[in-house]
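# Observations on chain architecture
Each chain is listed here by its residues.
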Amino acid sequence: MSNSTKIAVIGGGSWATAIVKMLSENLESVGWYMRSVYAIEHIKRNKHNPNYLSSAELNPKQLILSSDINEIVAAYDILIFAIPSAFLKTELEKLTVSLENKTIFSAIKGIVPETGLIVGEHFQQVYNVPLENIGVISGPCHAEEVAMERLSYLTIACQDPAKAKILSKAIAGRYIKTKISDDIVGTEYAAMLKNIYAIAAGIAHGLGYGDNFQAVLMSNAIREMKRYIKKVHRMKRNINNSAYLGDLLVTGYSTFSRNRMFGNMIGKGYTVKSAMMEMSMVAEGYYAVKSAYEIKQKTGTRTPIIDAVYAVLYGGKEAKDQFEKLTNKMN
Ligand SMILES: NC(=O)C1=CN([C@@H]2O[C@H](COP(=O)(O)OP(=O)(O)OC[C@H]3O[C@@H](n4cnc5c(N)ncnc54)[C@H](O)[C@@H]3O)[C@@H](O)[C@H]2O)C=CC1
Ligand SMILES: O=C(CO)COP(=O)(O)O
């Protein structure tokens, strides 16, 4: 890896911290924007992010930390965004520096709620970033397991294979394997959708459904995901690949999953507000299901799982009733 590759991470949460850790294994220096001045000072002194993924050890000597997004964006060519989608628009509004000549990789698994666009489209349409400068980092990978250096696989999707290769080389290492893909749109939609299916898995668990039903739910979820993505971006893709099915499974089954955890509380009877207050992390699927539901109404896709989660989270419907109805639509 060339030491001159200038990559910065935008965001201060678990996934941003995990990406910084992966990059630090290969690069001499990594730029890192986060809002919290306190967290920056803590990392400099104690080598750990105090708020998220605090088990990951970081080397402050390798990090160029700033709480000024413009300072980091101006100084780096490749920017990896890892801010939850619900806060992306507000964070980007702080920018006075143009993104037009930057290469943007989104590590965000969601839809920008205000525009209803997947993140790559948001950068393209709102910030005039050319399509060949936009990429996605996805795959079944929890930040917590990166911190533990457990073997993980990531998919890097970009229209320009040269850019995908640069990022792939910067991230791959002892415990990280990378794969390159040209399905940017499909990968992004899959990453957004699997969070909704993980909320469904959590709700089912919270309601007392067992492993037998969970397997049926996940089997139906991957077929629903396939139908959904085909309607928004038709191309040849193998939905069983890790970036699609793999990501769905890790989120649907792992105890680390934020979305499943959130769904589980809803299934147990928590209100949306109280479930959110219980969580110190963001469950992207909560925001995604609203936009995903609106998109599917336009495309006319059959999505019983999305419909059930939407009805519970936004329609004020009882989880028990909606999931009873859902069981009759599964096969
Ligand atoms: N955690 C993980 O294992 C993975 C997460 N992702 C994706 O990465 C993205 C970031 O998620 P996490 O790092 O898990 O989130 P997190 O829940 O660990 O961290 C939340 C982040 O949101 C920021 N935040 C909270 N309120 C904010 C506000 N009002 N304005 C701006 N920022 C605010 C916090 O400072 C923090 O940086 C999401 O799209 C997620 O789906 C993708 C793969 C793995
Ligand atoms: O996207 C992720 C893992 O691939 C993280 O989301 P969850 O925490 O809900 O699993």
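Criteria and cut-off values
- Residues numbered from 1 in each chain as written.
- Chains lettered and ligands numbered in written order.
- Predicted model: local features only at pLDDT ≥ 70, side-chain atom pairs only at ≥ 80, totals over all residues.
- Heavy atoms only, no water.
- Near = heavy atom within 4 Å.
- Polar contact = N/O pair within 3.5 Å; in protein donor to acceptor, adjacent residues only side chain to side chain.
- Areas by Shrake-Rupley, 256 points an atom, 1.4 Å probe, with all protein chains shown as cover.
- Helix = DSSP H or I, 4+ residues; strand = E, 2+ residues; numbered from the N terminus.
- Domains from an automatic or database assignment.
- Pairing = 2+ DSSP bridges.
- Axes fitted to C-alpha atoms, helices over the stretch in contact; angles between N-to-C directions.
- Contact = heavy atoms within 4.5 Å.
- Salt bridge = Lys/Arg side-chain N within 4 Å of Asp/Glu carboxyl O.
- Buried < 20%, exposed > 50% of the residue type's maximum accessible area, 1.4 Å probe, protein only.
- Nonpolar A, V, L, I, M, F, W, Y, C, P; charged D, E, K, R; others polar.
- Buried area = accessible area lost by both parts, 1.4 Å probe.
- Right-handed = clockwise from strand over helix to strand, strands pointing away.
- Core = buried A, V, L, I, M, F, W, Y, C linked by side-chain atoms within 4.5 Å.

### Some points on the site of ligand 2
Inspection of the region around ligand 2 gives 13 residues, with Lys 109, His 142, Lys 194, Arg 258 and Asn 259 positioned closest. Asp 247 places a polar side-chain atom, nitrogen or oxygen, 2.8 Å from an oxygen atom of ligand 2. Protein chains shield 91% of the accessible area of ligand 2, which is 300 Å² for the free molecule. Of all elements in the fold, only helix 8 (184-207), helix 10 (242-253) and helix 11 (258-267) reach the threshold of two or more residues within the shell around ligand 2. Ranked by residues supplied to the shell around ligand 2, first place goes to helix 10 with 3 residues. Two domains share the shell around ligand 2, each providing at least three of its residues, namely domain 1 (7-182) and domain 2 (187-327).

### Observations regarding the sheet that holds strand 2 (residues 30-33)
In space, the 8 strands of this open sheet follow the order 3-2-1-4-5-8-9-10, with mixed pairing throughout. The open sheet has two free edges, formed respectively by strand 3 (63-66) and strand 10 (176-181), since each of these has just one partner strand. Across this sheet, the average inter-strand angle for adjacent strands is 20°, counted without regard to direction. Pairing of strand 4 (residues 78-81) with strand 5 (residues 103-106), which is carried by 4 bridges, proceeds in the parallel orientation. Pairing of Leu 79 across the sheet is with Ile 104, part of strand 5. Packing of helix 7 (residues 161-171) onto the sheet brings it into contact with strand 1 (7-10), strand 4, strand 5, strand 8 (134-138), strand 9 (152-158) and strand 10, and relative to strand 9 it is tilted by some 155°.

### Some points on the pattern of salt bridges
Tallied over the full model, the rule gives 14 salt bridges. Here Lys 290 ties to Glu 294 by a salt bridge, and the two come within 3.4 Å at their closest N and O atoms. Here Lys 290 pairs with Glu 294, and both are found in helix 13 (residues 284-299), just 4 residues apart, close to one helical turn. A residue is classified by how much of its surface remains accessible, and Lys 290, at 36% relative accessible area, is partly exposed.

### Focus on unusual backbone geometry
Residues other than glycine seldom take positive phi values, yet Leu 53 does so here, at roughly 45°. Take Leu 53: its relative accessible area is 12%, and that puts it in the buried class.

### Details of the site of ligand 1
Of all residues adjacent to ligand 1, which total 20 residues, the nearest are Ser 14, Trp 15, Ala 143, Val 282 and Glu 284. Between ligand 1 and Ala 143, the relevant distance is 2.7 Å, taken from an oxygen atom to a main-chain nitrogen or oxygen of the residue. Between ligand 1 and Arg 258 there is a distance of 3.0 Å, counted from an oxygen atom to a side-chain nitrogen or oxygen. In the complex, the protein chains occlude 85% of the 830 Å² of accessible area that ligand 1 would expose alone. Elements supplying a minimum of two residues to the shell around ligand 1: helix 1 (14-24) and helix 4 (85-92). Among the residues forming the shell around ligand 1, the class breakdown is 11 nonpolar, 4 polar and 5 charged. When residues of the shell around ligand 1 are sorted by domain, at least three fall in each of domain 1 (7-182) and domain 2 (187-327).

### Some thoughts on the domain arrangement of the chain
As assigned here, the chain comprises domain 1 (7-182) and domain 2 (187-327). The gap between the C-alpha centroids of domain 1 and domain 2 is 25 Å. Contact with domain 1, which involves 32 residues of that partner, is made by 25 residues of domain 2. In this assembly, domain 1 packs against domain 2 so that about 2,200 Å² is buried in total across both faces, 62% of it on carbon and sulfur atoms. Applying the counting criterion to the domain 1 and domain 2 interface returns 2 salt bridges. One salt bridge connects Asp 247 with Lys 109, and the closest N-O pair in it is separated by 2.9 Å. Here domain 1 is connected to domain 2 by 7 residue pairs in polar contact (both at pLDDT 80 or more). When contributions to the side of domain 1 that touches domain 2 are tallied by element, the ones reaching two or more residues are helix 4, helix 5 (119-127), strand 8, helix 6 (143-147), strand 9 and strand 10. Split by residue class, the side of domain 1 that touches domain 2 holds 14 nonpolar, 11 polar and 7 charged.

### A look at the pairing of strand 10
Relative to strand 10, strand 9 runs parallel, the two sharing 6 bridges. Counted as the bridge partner of Ser 152 is Ile 176 from strand 10. On the question of chirality, the crossover connecting strand 9 to the parallel strand 10 by way of helix 7 is right-handed.

### Looking at the nonpolar core
In terms of nonpolar packing, the biggest core is built from 47 residues, with Leu 193, Leu 217, Met 225, Phe 262 and Leu 313 touching the most fellow members. Going through the elements one at a time, helix 8, helix 9 (211-232), helix 10, helix 11, helix 12 (272-278), helix 13, helix 14 (304-313) and helix 15 (319-327) are the ones with two or more residues in this core. Those residues within four positions of Leu 313 in sequence are excluded, and the remaining contacts are Ile 199, Phe 262, Ile 266, Val 272, Tyr 286 and Val 289. If you look at the next biggest cluster of nonpolar residues, it comprises 40 residues, including Leu 27, Leu 53, Ala 164 and Ala 170.

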